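# Structure at a glance
Here is what each chain is made of, one letter per residue.
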Amino acid sequence: MNPLEAQLDYTFGDRLPELGTTLEVAPGVLWLRMGLPFALDHINLWLLEDEIETPNGRVHGWTAIDCGIATDATRASWENIFASQLRGLPIVRVLVTHCHPDHVGLADWLCRRWLAPCWMSAGEYAFARLMSAGLPGADGSAAGPHFRAHGLTDAALVTKLQGRNHYYQDLVPSVPLSYIRLQDGQRVRIGVGEQVREWRVITGFGHSPEHVSLYAEQDQILISGDMLLPRISTNVSVFAIEPLANPVQQYMESLQKYLDVGVAAGVLILPSHGKPFRGAHTRIAQLLAHHRARLEEVLAACVTTQSAVDILPVMFKRPLDTHQLSFALGEALAHLHKLWFDGLLERRLDADQVYRFVAR
């Protein structure tokens with residue numbers, strides 16, 4: 001365990017739910033894990049025992065929070081959950097924290113399977129529909145020109161990135177045709193009997209368009225999605241569809257927002273990756289310090305003119321596969337943009353039509 005991680009309290013130690021099973025982390029709150037075919041090899045999903053009003057009366061069941069990617073293996077894991085973990089009760093609501101494939105991939109399948117509504121923020125729902133449809137500018141073909149403009153001159157790598165045209169659609173083949181909107185500050189009541197909790201919606205930015213976390217103040221539980229992870233910093237990238245984005249600024253402001261709305265230091269954090277932990281204020285401070293340190297490194301490197309590709313070895317010391325490369329390039333550019341918007345860097349377009357940054 002690294003020194004930063006040692007500052008956090010892992011409430012359940014090394015206990016993990018086996019695939020196809022659940023682990024209760026609070027009354028009426030179940031933790032399950034689904035596999036992912038990436039370096040980040042799992043996602044945590046949550047089942048909250050619930051009761052909702054329908055035209056046919058109140059129905060007792062479960063709210064599913066996030067879904068996993070659309071693969072046969074994930075569907076099979078869900079079928080095991082349905083058969084053995086739900087006590088014969090249905091899924092009555094599907095709540096998605098954000099539009100990334102591991103979170104929304106099977107939302108449409110779950111909603112159709114159980115005739116359940118999908119709850120998302122407007123920004124996440126709209127972006128999921130846009131990406132799943134593979135519209136021009138939101139498909140993989142836009143990545144090549146975007147990253148060429150930021151220094152990626154290796155033709156083979158550009159071809160690989162552009163060859164991922166259907167990456168999102170393969171993992172998210174469809175999105176529910178309607179949704180119920182979640183908004184910042186909204187209170188969502190989830191539970192049964194004395195276990196009804198009021199969850200406050202906290203939206204965050206930088207990682208995705210309008211990420212939703214859920215905070216149950218009375219029970220001190222935070223379902224943090226990808227915004228607060230215990231071992232890694234969530235990806236914050238500039239992508240082709242929003243080429244002048246400033247996601248590092250947005251993410252750092254969003255971290256501060258958890259403190260501003262009163263999330264307690266000892267809250268039980270249920271993250272989308274890694275293990276449940278306590279130490280919210282400590283982890284927020286660590287993440288802010290991490291990005292400040294990366295910004296200082298990037299600024300120091302820009303004593304000479306640098307492209308986003310030039311910054312990659314400054315920020316990432318390990319080899320990167322194609323999947324990791326697109327996120328690493330996006331993150332390198334995000335840190336350059338933060339410094340540029342702060343007025344610490346100049347941005348220039350050179351004779352090769354590559355954007356380069358240099359300290360003022």
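A quick note: this is a predicted structure, and the numbers were derived from the prediction, not measured. (Residues numbered from 1 in each chain as written. Predicted model: local features only at pLDDT ≥ 70, side-chain atom pairs only at ≥ 80, totals over all residues. Heavy atoms only, no water.)

### A short note on the pattern of salt bridges
Within the structure shown, the criterion is met by 17 salt bridges. Here Glu297 makes a salt bridge to Arg294, at a shortest N to O gap of 2.9 Å. With Glu297 and Arg294 both in helix α10 (residues 280–301), this residue pair falls three residues apart, about one helical turn. The class of Arg294 is buried, set by a relative accessible area of 18%. Between Glu346 and Arg348 there is a salt bridge, with the nearest N and O atoms lying 3.1 Å from each other. (Salt bridge = Lys/Arg side-chain N within 4 Å of Asp/Glu carboxyl O. Helix = DSSP H or I, 4+ residues; strand = E, 2+ residues; numbered from the N terminus. Buried < 20%, exposed > 50% of the residue type's maximum accessible area, 1.4 Å probe, protein only.)

### What about the sheet that holds strand β12 (residues 268–271)?
Within the open sheet, the six strands sit side by side as β8-β9-β10-β11-β12-β13. Their pairing is mixed. The sheet is open, and its two edges are formed by β8 (187–190) and β13 (277–278), each paired on a single side. Looking at chain direction, β8 and strand β9 (residues 197–204) are connected through four bridges and run antiparallel. The residue bridging Ile190 from the neighbouring strand is Arg197, located in β9. Set on the sheet, helix α9 (residues 247–260) makes contact with β9, β10 (211–216) and β11 (221–225); between it and β9 the angle comes to about 150°. (Pairing = 2+ DSSP bridges. Contact = heavy atoms within 4.5 Å. Axes fitted to C-alpha atoms, helices over the stretch in contact; angles between N-to-C directions.)

### Focus on unusual backbone geometry
For Asp66, which is not a glycine, the phi torsion comes out positive at approximately 70°. Even without being a glycine, Arg87 presents a positive backbone phi close to 55°. Locating Arg87 in the fold gives a position in the loop between α2 (72–84) and β5 (91–95).

### Quick look at the sheet that holds β5
Working definition: the strands of a sheet are paired by backbone hydrogen bonds and lie parallel or antiparallel to each other. Strands sit in the order β1-β2-β3-β4-β5-β6-β7 across an open sheet of seven strands; the sheet is mixed. Two strands in the sheet have a free side with no partner beyond their single neighbour: β1 (23–26) and β7 (180–182). Pairs of neighbouring strands in the sheet enclose a mean axial angle of 35°, with direction left out of account. Where strand β2 (residues 29–35) and strand β3 (residues 42–54) come together, seven bridges link them in antiparallel fashion. Note that in β3 the partner of Leu32 across the bridge is Leu45. Here helix α5 (residues 122–132) sits on the sheet and contacts β6 (118–121) and β7; the angle it forms with β6, its principal contact strand, is near 105°.

### What to know about empty space enclosed by the protein
Counted under the stated rule, the structure contains one cavity of 30 Å³ or more. Roughly 50 Å³ of volume is contained in the largest cavity. Forming the boundary of the largest cavity are Gly28, Val29, Leu48, Glu49, Ile190, Gly191, Val192, Gln195, Arg197 and Trp199. Every element with two or more residues in the lining of the largest cavity is listed here: β3 and β9. Its residues assigned to classes, the lining of the largest cavity shows five nonpolar, three polar and two charged. (1 Å grid on protein atoms, 1.4 Å probe; cavity = no way out; pocket = protein on both sides within 12 Å on 5 of 7 lines; lining within 4 Å. Points joined across faces, edges and corners; volume = space filled by probe spheres on them. Nonpolar A, V, L, I, M, F, W, Y, C, P; charged D, E, K, R; others polar.)

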